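An overview of the molecular structure
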Amino acid sequence: MVTRLAVVGTGVAGAYLLNRLPSDVEAEAFEMRSEKNWYTVCAWGTSQPFISDLVKKAGFNFEDYVLHKGKNMIVDLGDEEVNIPLRGLVTYDKHRLTEDMLKGKKVHWGAQIKEANGNLAGFDTVVDATGMHRTLLPKVNDDLLIPSLEYQVKSKELPYDDFVIRPYPGLTGYWWYFPLGDGLAHVGAGDVRGRYRYELDEFVKKYHCEVVRRIGRPVRVTPPKYMEPFFDGKVTGVGESIGTVYPMLGEGIIPSMQCVNLFVDHMGDREGYRRAVLEHYAVYAKVYKFIKAKVEDKFSFARMLPTLLSIYLYMRGNEERYGLQTRLPEFYKIVTRL
Ligand SMILES: Cc1cc2nc3c(=O)[nH]c(=O)nc-3n(C[C@H](O)[C@H](O)[C@H](O)COP(=O)(O)OP(=O)(O)OC[C@H]3O[C@@H](n4cnc5c(N)ncnc54)[C@H](O)[C@@H]3O)c2cc1C
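This section reports on the structure supplied with the text. (Residues numbered from 1 in each chain as written. Predicted model: local features only at pLDDT ≥ 70, side-chain atom pairs only at ≥ 80, totals over all residues.)

Our next topic: the overall build of the protein chain. If you tally the helices and strands in the protein chain, you get ten helices and 18 strands. For the protein chain, the spread of C-alpha atoms along the three principal axes comes to 60 × 50 × 35 Å. By residue count, 40% of the 338 residues in the protein chain fall in the buried class. Put simply, of all contacts in the protein chain between residues at least 6 apart along the chain, 70% involve residues at least 24 apart. (Helix = DSSP H or I, 4+ residues; strand = E, 2+ residues; numbered from the N terminus. Buried ≥ 20, exposed ≤ 12 C-beta atoms within 10 Å, placed from the backbone. Contact = placed C-beta atoms within 7 Å.)

Attention now moves to the sheet that holds strand β2 (residues 26-31). The six strands lie next to each other as β8-β2-β1-β9-β18-β17, forming an open sheet whose pairing is mixed. Only two strands of the sheet have a single neighbouring strand rather than two, namely β8 (107-109) and β17 (231-232). Where strand β1 (residues 4-8) and strand β9 (residues 125-128) come together, four bridges link them in parallel fashion. Across the sheet, Val8 pairs through a bridge with Asp128, a residue of β9. (Pairing = 2+ DSSP bridges.)

A word on the site of the ligand. The ligand sits among 39 residues. The nearest are Gly9, Gly11, Gly131, Gly239 and Gly252. Those elements giving two or more residues to the shell around the ligand turn out to be α1 (12-18), β2, β3 (45-47), β11 (148-154) and α5 (253-265). The element that contributes the greatest number of residues to the shell around the ligand is α1, accounting for three residues. For the shell around the ligand, the per-class residue count stands at 14 nonpolar, 19 polar and six charged. (Near = placed C-beta within 6 Å. Nonpolar A, V, L, I, M, F, W, Y, C, P; charged D, E, K, R; others polar.)

A few words on the sheet that holds β3. Read across the sheet, three strands follow the order β3-β7-β4 without closing on themselves; strand pairing throughout is antiparallel. Either end of the sheet is taken by a strand with one partner, and the two such strands are β3 and β4 (66-69). This sheet shows a mean twist of 40° between the axes of neighbouring strands, independent of strand direction. Of the pairings in the sheet, the one linking β3 to strand β7 (residues 89-92) comprises three bridges and is antiparallel in character. Residue pairing across strands places Gly45 opposite Thr91, the latter belonging to β7. (Axes fitted to C-alpha atoms, helices over the stretch in contact; angles between N-to-C directions.)

It is the contact of α5 with helix α6 (residues 270-280), at a shortest axis distance of 9 Å, that shows an interaxial angle of 150°. For the element pair α5 / α6, the angle class is roughly antiparallel. As for the relative orientation of α5 and α6, their crossing is right-handed in sense. Facing Gln258, Cys259, Leu262 and Phe263 of α5, the residues of α6 in contact are Tyr273, Ala276, Val277 and His280. Here the residues of the contact of α5 with α6 are counted per class, giving six nonpolar, two polar and no charged. (Parallel < 35°, antiparallel > 145°, perpendicular 65-115°, else oblique. Left-handed = near helix turned anticlockwise from the far one by under 90°.)

Next up on the list: the pairing of strand β12 (residues 163-167). In terms of strand pairing, strand β5 (residues 72-76) meets β12 through three bridges, oriented parallel. From the neighbouring strand, Ile74 faces β12, where its bridge partner is Val164. For β12 and strand β13 (residues 173-181), the ladder comprises four bridges, and the chain directions are antiparallel. Residue pairing in the sheet places Val164 in a bridge with Tyr177 of β13. Counting the residues in the hairpin turn of β12 and β13 gives five residues, including Gly170, whose phi is positive at 90°.

The subject of this paragraph is the nonpolar core. Ala6, Val7, Val8, Leu17, Val126, Val127 and Val238 are the most contacted members of the largest nonpolar core, which has 85 residues in total. Setting aside anything within four residues of it in sequence, one finds Leu17 in contact with Val7, Val127, Ala129, Val238, Val260 and Phe263. (Core = buried A, V, L, I, M, F, W, Y, C linked by C-beta atoms within 7 Å.)

For the peptide bond that leads from Glu228 to Pro229, omega is 5°, which places it in the cis range. Assignment of secondary structure puts Pro229 in the loop between β16 (219-220) and β17. Even without glycine at this site, Arg134 takes up a positive phi of about 50°. In this structure, Arg134 sits in the loop between β9 and β10 (145-146). For Arg134, a count of 21 C-beta atoms within 10 Å corresponds to the buried category. One non-glycine residue, Asp142, lies in positive phi territory at about 55°. Along the chain, the position of Asp142 falls in the loop between β9 and β10.

Let us look at the pairing of β11. The two faces of a sheet get side chains in turn, since along a regular strand they alternate between them. Extensive coverage of β11 is indicated by the burial of five of its seven residues. Strand direction decides the pairing type here: β11 and strand β14 (residues 184-191), joined by seven bridges, are antiparallel. Across the sheet, the residue bridging to Glu150 is Gly188, located in β14. Taken together, the five bridges between β11 and strand β15 (residues 210-215) define a ladder with antiparallel strand orientation. For Tyr151, the partnering residue across the bridge sits in β15 and is Arg214.

Right under this line is the structure:
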């Protein structure tokens, strides 16, 4: 039975975990950033119907943090715009919610942990919730990290009033516009080939934006299937450190929280946790296979057809989970045209 647990990293996974532990577990968190410089790098988009229950389990009301409720998402394919009706996609103040989840918890700010012993010698279990850093677990081969950059902007002239994405040719990433309400938005881009450099600055210039914050970090799209081991000594990985990001969208908030719940459900049973993670994120490996083929220019429609079909059926069957409607003509257009 775990009694003393160290949580390394206070992103969404670490903060949520601190609120999901049984009361007989004594937990302390270690965050490399100082409290002043700590920030949740993210576009803050998620599916309200789905995340509300997860957040409720931690004792919070998700509705209190919602900034913008989406109705329609434009997917800009260059020569054509596809409109996707939304089924609960929202932006929320992820920073404020994560911050609230840390209130009253024992957090060591400015504590960059490099190994599981040393400072953490007195803990029975250490959780690596360091996201893309994966500091306390062995590196893996072929880890696909997509560079990304994002501006939080403020302007009276913002050109859109709802979600917009523009995938890059080859589906190597996408540009996004996520409204935050009150004349604010996240404009960002992630792309394997880093083609976004000037686009964000052009946007700022064109729409006379004040840049409130410039943030960025690579996002891991390698799924859990290829991120083993999940353990090293007394360390267990949770969240993006073990690849819980939906590769098609770079969406990691809900998957990281789900991973926390799998960890809590299997405390003291590593093999059970391992199996539950592999099973829960099995579809991510299929999506990754497709993204990788696109990125490496090895995509063949005929060869990928069964994979594409199962991805489509998965998205279609999980509209509430992703907060958007999935229909075959639009899906086909997006995956084949680019
Ligand atoms: C630009 C961008 C936009 C995104 N937009 C979305 C979105 O709109 N919706 C969505 O669902 N997902 C989005 N994602 C993905 C999502 O943000 C992540 O997958 C999710 O936050 C992962 O959570 P995590 O807690 O595992 O890791 P993180 O949120 O990365 O948290 C890791 C924490 O660990 C700390 N840390 C790292 N190393 C150490 C160390 N050695 N010692 C102590 N502390 C350490 C870091 O400072 C950080 O606070 C986006 C990602 C990026 C980069």
